[in-house]
Structures are given as C-alpha cells and as structure tokens.
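# Overview (structure and organization)
Listed here are the chains, written in short residue letters.
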Amino acid sequence: MVRAKLLHTDSTKKNRPFRVKTTKTIIPEATNKLEKELINFIENTKELNIQHKYNKFEDLMKTKKTTGTAKEKKTVKWLTDETKEMLKTRVELISTTAKTRITRTKIREISKSIKLNMRKDRQRYRLEILERCIQKTGGTKRAIKQLKEKTDWIPNLYDKNMKHKTRRPEIMSIATNFFRELYSKKNYNKPNILAGGEEVPDIINA
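Residues numbered from 1 in each chain as written. Predicted model: local features only at pLDDT ≥ 70, side-chain atom pairs only at ≥ 80, totals over all residues. Heavy atoms only, no water.

Below, the discussion takes up the pattern of salt bridges. Under the counting rule described, the total for this entry stands at three salt bridges. Across the pair Arg 124 and Glu 128 runs a salt bridge, and its minimum N-O distance is 3.1 Å. A residue pair is termed a helical-turn pair when its members lie 3 or 4 positions apart in one helix, as Arg 124 and Glu 128 do in helix α4 (residues 101–137) at four residues. Residue class for Arg 124 comes out partly exposed when judged on its relative accessible area of 33%. Among the ionic pairs, Glu 181 bridges to Lys 160, the shortest N-O distance being 2.7 Å. (Salt bridge = Lys/Arg side-chain N within 4 Å of Asp/Glu carboxyl O. Helix = DSSP H or I, 4+ residues; strand = E, 2+ residues; numbered from the N terminus. Buried < 20%, exposed > 50% of the residue type's maximum accessible area, 1.4 Å probe, protein only.)

If you look at soluble globular proteins, the nonpolar side chains tend to sit buried side by side. Residues Trp 78, Leu 79, Tyr 125, Ile 129, Cys 133, Ala 143 and Leu 147 constitute the largest nonpolar core, which totals seven residues. For this core, the secondary-structure elements that each account for two or more residues are α4 and α5 (141–147). For this core, the leading source of residues is α4, giving three residues. Not counting chain neighbours up to four residues away, the residues in contact with Leu 147 comprise Tyr 125, Arg 126, Ile 129 and Leu 130. (Core = buried A, V, L, I, M, F, W, Y, C linked by side-chain atoms within 4.5 Å. Contact = heavy atoms within 4.5 Å.)

In structure tokens:
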C-alpha cells in the first residue's frame, strides 16, 4: 500500500517579469571629442610645468562634464543662437579654476552683453507673437495670455470704504489689518450660556 507520494518541485528561481532599463550615462559623441582633445592636450602642454598641466586638464574635464554627461536644461524659447553661444562662453570662463584679471574682465563684459541681448531677444519675441495673433484673430487677448510670465494671486482688493486698491503696499496693508482685527481679543466670542446657567465648553463650540 502506498501511503505517500513524492512530488518533484522545481527549486530554480523564476525570472523577473520585467527588465530594468539601464540608462547610458556616457554619450559616445562626448567621449570621442574628449579623446581628440586629450591627444591634442599632450602636444599643447609639453612646455608647461606640472601645475599648469593639471589646471588645464581639470578645466577640460569640467567643461566636458557640463556639456556631455549633464542633462540639458530647458532653454528659453526666445533666445537667439548668438545669446546661447555667449552663455556657453560665460559658463566655460566661470568654470576655470585659476581665474586671472583678464578672465574676470571677460566674464564681466560678456555678462553685460548677455543682458542687453536677452532684453532685445525678449522684445523681438513678444512683438512677433503679437503680430502673429493680430494677423490670425485680429486681437491681442490670446497673445497676452501666451506671453504672461507670472500669476498675480491678488491683483486687487477693496478696503473698508469699498475703494478699489491695486498697489501692492495698499493690498498688504488691507490684508494685515483684516487678520489683525480677526485675531484680536476685541472680537473674541464669549462662550454661550445654556438655559441652566452652565457655559458651553469650548470643545462643543469648535
């Protein structure tokens, strides 16, 4: 008589139902450029001493790290190619370790030029959007909505005399006075009294 039956169970571990996606941290184009520049680096730094070679090598690695492996940030739509190139040049100048007086002067001058160019680019972009919307719809409502860069949470308020206020200091003063009166002791409501003369506890009023 057979009292028991042996069952064969597979003890091997099952494969995972999904595969983990691996992200490439090194871009092939960046590595190729780095290899070429390293070959030229050896030839260009033959006459320099060890400290200068180290500084040049560190600057090279920093610039490649920012341009190659780092994620690209979202650029502003209305910036022209000229302004973008100036921004890249300023980043390279700022990333240098041993900054000389000439380097700092270049950073200062290029920063001024970037401000002027960004102002011109922004004005040009706004005019283009306005012209496009006027030609399509005949109005500027859609263009103004598209060009809106910030949200005004409290654009206006009315004071006690029902006067319309739009200036920021006046709005802040109205809001401050309102909450000051709201939380002052003068407006504190006393607990209600029941028919039997007992006071209602605060927990019930809440």
